[in-house]
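Given next are the chains, with one letter for each unit.
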Amino acid sequence: MLSHLNPPQREAAKYLDGPCLVLAGAGSGKTRVITHKIAYMVKECGMEARNIAAITFTNKAAREMEERVGKLLEGGAAKGLTVCTFHALGVKIVRQEARLAGLKPQFSILDSSDVMQIVSDVMGSNDKSLTKSVQWTISGWKNALITPDEAVKLVKDEASELAAKLYPAYEKTLRAYQAVDFDDLIALPVRLFDEHPEALERWQNRLRYLLIDEYQDTNGAQYKLLRQISGVRGAFTAVGDDDQAIYAWRGADVKNLYALQTDYPKLKLIKLEQNYRSSNRILNAANTLIANNEKLFEKKLWSEHGLGDAISIVAAHTPEQEAELVAMKISTHRFEHRTHFSDYAILYRGNHQARLFEQQLRNHKIPYVMSGGQSFFERAEIKDITCYLRLLLNGDDDLAFIRAITTPRRGIGAGTLEALGNYAGARQISLFAAAFEEGATEHVAARQLEGVREFGNFINNLEYRAQREPAGRVLEDLLRAIGYEAHLFEHCEQREAESKWSNVRDFVEWLSKKGEEDSKNLLELAQTVALISMLDKGDEERDAVQLATLHASKGLEFPHVFLVGVEEGMLPHQSSIEGDAIEEERRLMYVGVTRAQRTLTISHCERRKSGKEVRTVEPSRFIAELGDGLKHSGGKKAEPVSQEDALAKLAKLQAMFAPKTGS
Ligand code: ATP
Ligand code: MG
């Protein structure tokens, strides 16, 4: 079982006497330790898979891990194993312990746009940046397990004063809607376990061993949850790399990595030093780069892979040209080396950089998948549908109620909803419940109320069916009944409507398939939809180039990586330069560099538009920090020639290969 591990990896896999931390650089097989350790515990130590939980950073990583463990443990021995993100674990806990948390089991999970809506409602203002700042601050408090009462004492400026003032109302609204935000998915279980030791004991008995990947990016609340469940025994293995901590902006705190040593004096610390992913050129560049950060843990990495190709640094005139160069390079390289599209990844700092690359990949007929972009589920058309699902699940979800009853329009106007809202508010019940109360007739016009009740009955009927019939069928009927396709074509331009409708079709098919695979009904599926991001949606196993933000690329590896837009102001990001947060940006660069197995191409532009003006930009300081072993190309003089060359070469290669690959 453990013969495919090196000695320190094996030591980590076998160590079960207490808490264990594997601290090692990128590509050293930390994630591999987790999968093998699970297999070892089940196969060699007679533990039951259902008593083990592995926590990953993304849903995609969870699926990959589940698959790997499934392969190591044939014969269904992996059945019952929990592999999920901290948030998904939180959902399981809150759902099972809903009563103790003061929620019904069908609570709604709100995404960031709903949360913004609520903040803006309680604030009574539409100011976007103010809403965002309040939401950020509240979220930060929740991640640090700070209650509204405690927050008041932490006020340090006007912005935090406003946030502290709105925090209680925000929480009250969430509970009134029987809804939770993402931060609650961790904070609620933690509080619940604090207040109800018997519930904690239930979960400790159920999850006897925890394994946590990407530990450096856990936040305070997640760390507390880990401590609670793993109990006094400290029954866990955490693996991480402080050089890859890149989520401080979202409340993650690498201090949790150091805290393990003080909180668990018996902590077994294991370091891995052999890298199995990258060529030595790439590894050396990564090591040289990260040596510029201050360090608490010394790490060395070496690789048995040869020296490998020089890292290629490409200077492009403009972002458009950069995107075209990358697309062409992928085309030619693929022809020359007979690789797959999926061997390539294009990684960038911010989502907005993706668009030009998408265009150029399309121009070159290169298939691609994108992750870490705007969440598929936050698109308007998908949210229209998910609001119906949320309402099926939880009639108290007023946000979903309002969106569903008005999309498509069914003659129920703002006036009616306001009257109903006032009545519901006075009675402290949801809009849905209010509509069916006798007293509502005194506040809402009869004909209008009839319309609302008709809608309510429609939802009730769907809910009844959702519990009994396949998810796909109920969804299809729902779409038909509300005339959603016609609604799209009525309100959008032809092309836009087509694209939106195709997204909805995608969504329906995906949910139907998921319903069949996991044998879940529509209500069960509905609750987890909010947890899933585009990162997971783009998971079709197509042969396609991967487009991803650096943040979303964590833990992944690709034979050929293009790191694009590596300029001062982009990476490091302008705000980090100003905010003196260069070290986190350097770690981001380190994550990018260490995704590459065989070749790494780093590109930057000489000019870039910022607002209305076009500015000259400098290559990122991080390029100079990669040491030697770089090969520069492009730039002002060399560029036109190399572009023509590349085109000519591509044409020649395409001609050569066309007859053979055309079949
Ligand atoms: P990251 O920090 O980027 O998450 P990691 O430390 O989790 O990296 P893995 O993804 O587990 O590293 O491993 C990197 C690659 O090396 C994988 O392809 C893995 O299969 C391979 N690998 C790890 N350990 C071994 C080993 N002992 N023998 C052969 N291959 C290995
Ligand atoms: Mg990993």
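Residues numbered from 1 in each chain as written. Chains lettered and ligands numbered in written order. Predicted model: local features only at pLDDT ≥ 70, side-chain atom pairs only at ≥ 80, totals over all residues.

**Q** Mind laying out the overall build of the protein chain, listing which residues take part and the relevant values?
**A** When helices and strands are tallied, the protein chain shows 29 helices and 19 strands. Relative to its length of 663 residues, the protein chain is compact, with a C-alpha radius of gyration of 27 Å against a globular reference of 26 Å. Its C-alpha atoms give the protein chain principal-axis dimensions of roughly 80 × 60 × 55 Å. Burial analysis of the protein chain (663 residues in total) assigns 45% to the buried set. Considering only contacts in the protein chain between residues 6 or more positions apart, those separated by 24 or more positions represent 78%. (Helix = DSSP H or I, 4+ residues; strand = E, 2+ residues; numbered from the N terminus. Rg over C-alpha atoms; globule rule 2.2 N^0.38 Å. Buried ≥ 20, exposed ≤ 12 C-beta atoms within 10 Å, placed from the backbone. Contact = placed C-beta atoms within 7 Å.)

**Q** So, the UniProt feature "binding site: ATP" (unreviewed entry) in the protein chain: which residues are in play, and what are the values?
**A** The feature "binding site: ATP" (unreviewed entry), as annotated in UniProt, sits at A24, G25, A26, G27, S28, G29, K30, T31 and R277 in this numbering. In summary, the annotated positions, though distributed over 254 residues, converge in three dimensions, the widest C-alpha pair being only 13.3 Å. Note that S28 resides in the loop between β1 (20-24) and α2 (30-43). Ignoring anything within four residues of it in the chain, the contact list for S28 reads L272, E273, Q274, N275 and L301. (UniProt positions renumbered as here; feature names shortened; annotations may be inferred.)

**Q** Residues and numbers for the site of ligand 1, please.
**A** Around ligand 1, a shell composed of 19 residues is seen, among which G29, K30, T31, R32 and Y276 lie nearest. The element best represented in the shell around ligand 1 is α2, accounting for three residues. Residues belonging to the shell around ligand 1 are distributed by class as follows: four nonpolar, 10 polar and five charged. (Near = placed C-beta within 6 Å. Nonpolar A, V, L, I, M, F, W, Y, C, P; charged D, E, K, R; others polar.)

**Q** Outline the sheet that holds β1, supporting the account with residue identities and numerical values.
**A** On the basis of which strands lie adjacent, the open sheet formed by six strands has the order β3-β2-β6-β7-β1-β8 and parallel pairing. Since the sheet does not close on itself, it has two edges, and those belong to β3 (82-85) and β8 (268-272), each with one partner. Neighbouring strand axes in the sheet, compared pairwise and without regard to direction, differ in orientation by 15 degrees on average. Packed onto the sheet, helix α3 (residues 59-72) meets β2 (52-56) and β3 and runs at close to 160 degrees relative to β3. (Pairing = 2+ DSSP bridges. Axes fitted to C-alpha atoms, helices over the stretch in contact; angles between N-to-C directions.)

**Q** Got a sec to walk through the packing of helix α21 (residues 471-482) against helix α23 (residues 494-517)? Specific residues and values, please.
**A** Interhelical geometry of α21 versus α23 gives an angle of 155 degrees and a closest axis separation of 8 Å. Comparing their axes, α23 and α21 come out roughly antiparallel. Contacts between α21 and α23 pair A471, G472, L475, E476 and L479 from the former with V508, L511, S512 and G515 from the latter. Residue classes in the contact of α21 with α23 are distributed as five nonpolar, three polar and one charged. (Parallel < 35°, antiparallel > 145°, perpendicular 65-115°, else oblique.)

**Q** Please give an account of the nonpolar core that cites residues and values.
**A** Judged by nonpolar contacts, the single largest core of 179 residues is most densely connected at I38, L210 and I346. Beyond its immediate sequence surroundings of up to four residues, L210 is in contact with A53, I55, L226, I229, S230, A235 and F236. (Core = buried A, V, L, I, M, F, W, Y, C linked by C-beta atoms within 7 Å.)

**Q** How would you explain the pairing of β2 if you had to name every residue and give the values?
**A** Within β2, five of the five residues are buried, leaving the element largely enclosed by the surrounding structure. Taking every second residue as pointing to the same face, both faces of β2 are buried, with I52, A54 and T56 on one and A53 and I55 on the other. With four bridges connecting them, β2 and strand β6 (residues 209-212) associate as parallel partners. Looking across to β6, one finds that I55 is bridged to I212. The pairing of β2 with β3 spans four bridges and is parallel. When the bridges of β3 are listed, A53 appears paired with T82.

**Q** Could you give an account of the sheet that holds strand β13 (residues 368-371), naming the residues involved and the relevant values?
**A** Strand order in the open sheet formed by seven strands is β13-β14-β12-β15-β16-β11-β19, and the pairing between neighbours is parallel. Looking along the sheet, the strands with just one partner apiece sit at the ends: β13 and β19 (630-634). Each neighbouring strand pair of the sheet contributes to a mean axis angle of 20 degrees, computed without reference to strand direction. In the sheet, strand β11 (residues 311-316) pairs with strand β16 (residues 596-605) via five bridges, with the strands oriented parallel. Across the sheet, A316 pairs through a bridge with C605, a residue of β16. Here helix α14 (residues 319-337) sits on the sheet in contact with β11, β12 (344-348), β14 (545-549), β15 (558-563) and β16, set at roughly 155 degrees to β16.

**Q** Tell me about the pairing of β6, residues and numbers included.
**A** Because side chains alternate across β6, one face comprises the buried residues Y209 and L211, and the other comprises L210 and I212, equally buried. Direction of pairing for β6 relative to strand β7 (residues 236-240): parallel, over a ladder of three bridges. Residue pairing in the sheet places L210 in a bridge with F236 of β7. Note on the crossover from β6 through helix α11 (residues 220-230) to β7: the handedness is right-handed. (Right-handed = clockwise from strand over helix to strand, strands pointing away.)

**Q** Quick rundown of the packing of helix α1 (residues 7-14) against α2? Include the residues and the values.
**A** Helix packing for two helices is described by the angle between their axes and how far apart those axes are. Remark: α1 packs on α2, axes separated minimally by 9 Å, with the N-to-C direction vectors making an angle of 50 degrees. On the basis of the axis angle, α1 is oblique to α2. Like other packed secondary-structure pairs, α1 and α2 cross with a definite hand, here right-handed. In contact with Q9, A12, A13 and K14 of α1, α2 contributes R32, V33, H36, K37 and Y40. Per-class residue counts for the contact of α1 with α2 are four nonpolar, two polar and three charged. (Left-handed = near helix turned anticlockwise from the far one by under 90°.)

**Q** Lay out helix α12 (residues 255-263) in plain terms, naming residues and giving numbers.
**A** Note on helix geometry: an α-helix contains 3.6 residues per turn, so any two residues three or four positions apart are oriented the same way. Within the sequence span of α12, burial applies to N256, L257 and L260. Axial view of α12: buried residues confined to an arc of 110 degrees, hence all on one face. In this structure, α12 carries K255 and T262 as exposed residues pointing more than 90 degrees from its buried face. Buried residues along α12 sit against β1, α11 and β7. (Arc of directions from axis to C-beta.)

**Q** Give me the environment of T601: which residues, what numbers.
**A** Relative to the elements of secondary structure, T601 occurs in strand β16. Judged by local crowding, T601 falls into the buried class, with 24 C-beta atoms found within 10 Å. Beyond its immediate chain neighbours, meaning those up to four positions away, T601 contacts S312, V314, K329 and F562.

**Q** Run through helix α17 (residues 398-406), naming residues and quoting values.
**A** Where burial is concerned, most of α17 is hidden: seven out of the nine residues are buried. Within α17, the full set of buried residues consists of D398, L399, A400, F401, R403, A404 and I405. Against the buried residues of α17 lie β4 (108-109), α5 (112-123), α16 (380-393), α19 (431-435) and α20 (446-466).

**Q** Explain the confidence of the model for the protein chain to me, using residue names and the numbers behind them.
**A** In this model, the protein chain carries an average pLDDT of 88, and 93% of its residues clear a pLDDT of 70 or more. Looking across the protein chain, the model is least confident in helix α25 (residues 534-537), with a mean pLDDT of 45, and most confident in β15, with 98. Low pLDDT, under 50, characterises residues 636-642; the predicted model gives this stretch five contacts beyond four residues in sequence or across chains. Considering only residues more than four positions removed or in separate chains, one finds that residues 659-663, a stretch of pLDDT under 50, has zero contacts. Prediction confidence for the complex, expressed as pTM and ipTM, is 0.82 and 0.99 respectively. (pLDDT = per-residue confidence, 0-100.)

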